Amino acid sequence: MKYIAQLSLIILISFAGELLNALIPLPVPASIYGLAILFFCLKFKCIKVSWVKETGEFLLAAMPVMFVPSSVGFMTAFPIMKKYGIHFIVIAVITTFAVMAVTGRVVQFVIRLKKKPQ
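Residue numbers restart at each chain and count upward from 1, following the sequence in its written direction. Reporting in this predicted model follows two pLDDT cut-offs: at least 70 for local features of residues, and 80 or more for side-chain atom pairs to be given and counted; totals over whole chains, interfaces and linings ignore these cut-offs and use all residues. Calculation of side-chain values draws on the structure's entire complement of heavy atoms; hydrogens and water are dropped beforehand.

**Overview of the overall build of the protein chain**
Note on conventions: DSSP H or I runs of at least 4 residues are helices, E runs of at least 2 residues are strands, and numbering of each starts at the N terminus. Of the regular secondary structure elements, the protein chain holds 5 helices and 0 strands. Along the chain direction, N to C, the helices and strands of the protein chain fall in the order α-α-α-α-α. Atoms considered for the radius of gyration are the C-alpha atoms alone. The globule rule reads 2.2 Å times the number of residues to the power 0.38. Scaling as 2.2 N^0.38, a compact globule of 118 residues should have a C-alpha radius of gyration of about 13 Å, whereas the protein chain reaches 19 Å, well beyond that. A buried classification covers 13% of the 118 residues belonging to the protein chain. Shrake-Rupley sampling with a 1.4 Å probe provides the accessible areas, and residues are treated as covered by the protein chains on show and by no other component. Summed over all atoms, the accessible surface of the protein chain reaches about 10,100 Å², with 78% contributed by carbon and sulfur. Only protein chains enter the accessibility calculation, which uses a 1.4 Å probe; a residue is then buried when its area is under 20% of its type maximum, exposed when over 50%, and partly exposed in between.

**Observations regarding the layout of surface pockets**
Estimated volume of the largest pocket: approximately 340 Å³. For the largest pocket, the lining is made up of 14 residues, of which Ile-10, Ser-14, Gly-34, Leu-35 and Leu-38 are closest to its centre. Counted by class, the lining of the largest pocket contains 9 nonpolar, 4 polar and 1 charged residues. Think of a 1 Å grid over the protein atoms and nothing else: a 1.4 Å probe that fits but is trapped marks a cavity, an open set flanked by protein within 12 Å on at least five of seven lines marks a pocket, and residues with an atom within 4 Å of a point count as lining. Grid points are joined across faces, edges and corners, and a volume is the space filled by probe spheres set on the points. Three residue categories are used. Nonpolar comprises Ala, Val, Leu, Ile, Met, Phe, Trp, Tyr, Cys and Pro, charged comprises Asp, Glu, Lys and Arg, and polar comprises the others, including Gly.

**Quick notes on helix α3 (residues 53-66)**
In this model, α3 (14 residues) spans 20 Å end to end at C-alpha, consistent with the 20 Å of a helix rising 1.5 Å per residue. The sharpest bend along α3 reaches about 30 degrees and sits at Leu-60, with the proline Pro-64 one to four residues further on. A helix is expected to span 1.5 Å multiplied by its residue count minus one. Across the chain, bend at a residue is computed as the angle between axes fitted to the seven residues ending at that point and the seven starting from it.

Now the structure itself:
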């Protein structure tokens, strides 16, 4: 019963993200609105972590399975990959390193902020 309540809360927040997506004319996915709502609710203690912890851990553990359909869909685009494959590879390598560099810089910045005396 606890899992149903936790999942219901997560779905309710996701629905709020869908509503924001429909109301705010910005090119932001509804899932990002939902994540932001959940983040701020957890940050400002409107929602306790224990209210979503177990279901959140389950969803994180099941996340790799969610990539299977997109991988299969990617394989159906093989004719396009055959024609433009080198372009995709170059873009993938460049963006991978860019994401790694930006993530590293952000983490270093956050660590420095936490070490500063307040």
